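Chain residues, written in single-letter form:
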Amino acid sequence: MKKIFVNYFFTALVIAVTVWILISSSKFSIIPHLIAITDGGLLFLALVCMVLFWFFDALIIKVIVEISDQGIRFWQYMKIALIGQYYSSITPFSGGGQPVAQVYTMKNDYKIPLGLASSVTINKFTIYHIIVTAFALVMAIFKYDFIFEQGAVSKTFIAIGFMINIISTLALLLLCYNSLIVKKVCLLILRLLHKIKLAKNMNDQIFSRHIEEYRSSLRLFLRDRKALLLTCLYTLIQVIVYFCVTYFVYLSFGLRDASLFDILAVQSLHYMAINYIPTPGNAGASEGGFYLIFGLVFPSSVMIYAIMLWRFIIYYLNLFVGGIVVLIDYLYKQNLRKS
């Protein structure tokens, strides 16, 4: 409970500081004028991109779960995805609580075995980081001239971000696919779940059974080339639609100098630069990174408003919709217990 309170408090504090910085900007006074000239249709497309991001998140979970002949309805996959997105928004590194929340939901609500649920979240998490890191590397190669145009601070953040993401991606591969390390990591995770009462009445035999479930699910996933290919393809689409939010925000101001490819490249560099910042939902770092890295794309006259629109769609909307799903799910379960 104390840890949850700290996460909420820190998130609220960073949001408050961010809002204060934006409001105190000399450009804030022209926002009413910018609202009047912003294209609402293009902002709607940015919202559609966010909905597609959730849709493909659910689709990826569905593909990995159904390899093991398990299956639930698609709206239930959507619920798992949105609950994960909510906890990703309120925990450090934009994902600290996501795997645990999704494992909990799959096991408790839909009776998916703990080993399979753990395998689903780890495989999904690993592939996402591989795809997003590879995507950013390809974009950096094609847009290397843009990197050299950045200031020293931006270059430093981008370089550090790339190094950390590449190292963490390699570490994830080692953790997931080395049998000895997998066993140790699974034991650690399962014992942690046991301590927080997610997994009850566990002895060494039950621990071993869950680990074997995980390894069996992992082997099935790696052997099923169609599922592996679909997961990678859906993840790539998910990454692209997520980055396209920035493109439609850009177009909504009537700006046309940068192409879709340019915006995707810059957004991927921004993602690499701020993804390792350990604040809940990258709060504060996202806005600051956007201001630094997109300074060569967005005119200074619209930058503050652009940050507000972009952040509202990719973070606050995520937080709000996911929070509504978590709240409804909680109230529904409380009602069942009383009846």
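So, here's what we can say about the structure. Bear in mind the structure is a predicted one, so any value in this text is a computation, not a measurement. (Residues numbered from 1 in each chain as written. Predicted model: local features only at pLDDT ≥ 70, side-chain atom pairs only at ≥ 80, totals over all residues. Heavy atoms only, no water.)

## Things to note about the packing of aromatic side chains
Any two aromatic rings considered together are summarised by their centre-to-centre distance and by the angle between their planes. Across all of its chains, the model carries 18 aromatic pairs by this definition. Residues F55 and F74 carry aromatic rings whose centres are separated by 5.3 Å and whose planes lie at 50° to one another, so their mutual orientation is tilted. Taken together, the positions of F55 in helix α3 (residues 40–65) and F74 in helix α4 (residues 74–90) put the pair 19 residues apart, joining distant regions of the chain. Note on F55: relative accessible area 33%, which makes it partly exposed. Between F253 and Y305, the aromatic rings sit 5.6 Å apart at their centres with planes inclined by 75°, giving edge-to-face as the arrangement. Taken together, the residues span a long stretch of sequence, with F253 in the loop between α11 (225–252) and α12 (260–274) and Y305 in helix α14 (residues 303–338) at a distance of 52 residues. In this structure, F253 and Y305 share a single accessibility class: buried. (Phe/Tyr/Trp six-rings, centres within 6.5 Å; stacked < 30°, edge-to-face > 60°. Helix = DSSP H or I, 4+ residues; strand = E, 2+ residues; numbered from the N terminus. Buried < 20%, exposed > 50% of the residue type's maximum accessible area, 1.4 Å probe, protein only.)

## Some points on the nonpolar core
Formed by 93 residues in total, the largest nonpolar core has its most connected members in F253, V297 and F298. At 15 residues, the largest contribution of residues to this core is made by α3. (Core = buried A, V, L, I, M, F, W, Y, C linked by side-chain atoms within 4.5 Å.)

## Things to note about the layout of surface pockets
There is about 290 Å³ of room inside the second largest pocket. Elements represented by at least two residues in the lining of the second largest pocket include exactly α4, α5 (98–110) and α14. For the lining of the second largest pocket, the per-class residue count stands at eight nonpolar, no polar and four charged. (1 Å grid on protein atoms, 1.4 Å probe; cavity = no way out; pocket = protein on both sides within 12 Å on 5 of 7 lines; lining within 4 Å. Points joined across faces, edges and corners; volume = space filled by probe spheres on them. Nonpolar A, V, L, I, M, F, W, Y, C, P; charged D, E, K, R; others polar.)

## Overview of the packing of helix α6 (residues 114–142) against α12
Contact geometry of α6 with α12 gives a least axis separation of 9 Å together with a crossing angle of 125°. Our classification of the angle between α6 and α12 gives oblique. For the element pair α6 and α12, the recorded crossing hand is left-handed. Counted together, Y128, V132, T133, F135, A136, M139, A140 and F142 of α6 and F261, L264, A265, S268, L269, Y271 and M272 of α12 form the full contact between these two elements. A per-class count over the contact of α6 with α12 returns 13 nonpolar, two polar and no charged. (Axes fitted to C-alpha atoms, helices over the stretch in contact; angles between N-to-C directions. Parallel < 35°, antiparallel > 145°, perpendicular 65-115°, else oblique. Left-handed = near helix turned anticlockwise from the far one by under 90°. Contact = heavy atoms within 4.5 Å.)

## Considering the environment of V120
Looking at where V120 falls in the secondary structure, it is placed in helix α6. V120 gets classed as buried once you look at its relative accessible area, which sits at 1%. Expressed as a C-alpha distance, the spacing of V120 and V63, which sit 57 residues apart in the sequence, is 9.3 Å. For V120, the contacting residues outside a window of four places in its chain are I61, I64, V65 and M106.

## A look at unusual backbone geometry
If you check the backbone angles, K111 has positive phi at about 55° while not being a glycine. Along the chain, K111 falls in the loop between α5 and α6. Exposure remark for K111: the relative accessible area of 65% places this residue in the exposed category.

## What to know about the state of the cysteines
Within the structure shown, the criterion is met by zero disulfides. With no disulfide partner, C244 has as its closest neighbouring cysteine sulfur the one in C49, 5.1 Å distant. A relative accessible area of 10% means that C244 is categorised as buried. (Disulfide = S-S within 2.5 Å.)

## Concerning the packing of α3 against α14
Viewed as axis vectors pointing N to C, α3 and α14 meet at an angle of 45°, and their least axial separation amounts to 11 Å. By the criterion of interaxial angle, the relationship of α3 to α14 is oblique. As for how α3 packs across α14, the hand of that crossing is right-handed. When α3 is examined against α14, the residues L43, A46, L47, M50 and W54 are found in contact with a partner set consisting of L309, I313, I314, L317, N318 and V321. Broken down by class, the residue content of the contact of α3 with α14 amounts to ten nonpolar, one polar and no charged.

Geometry only, nothing functional implied.
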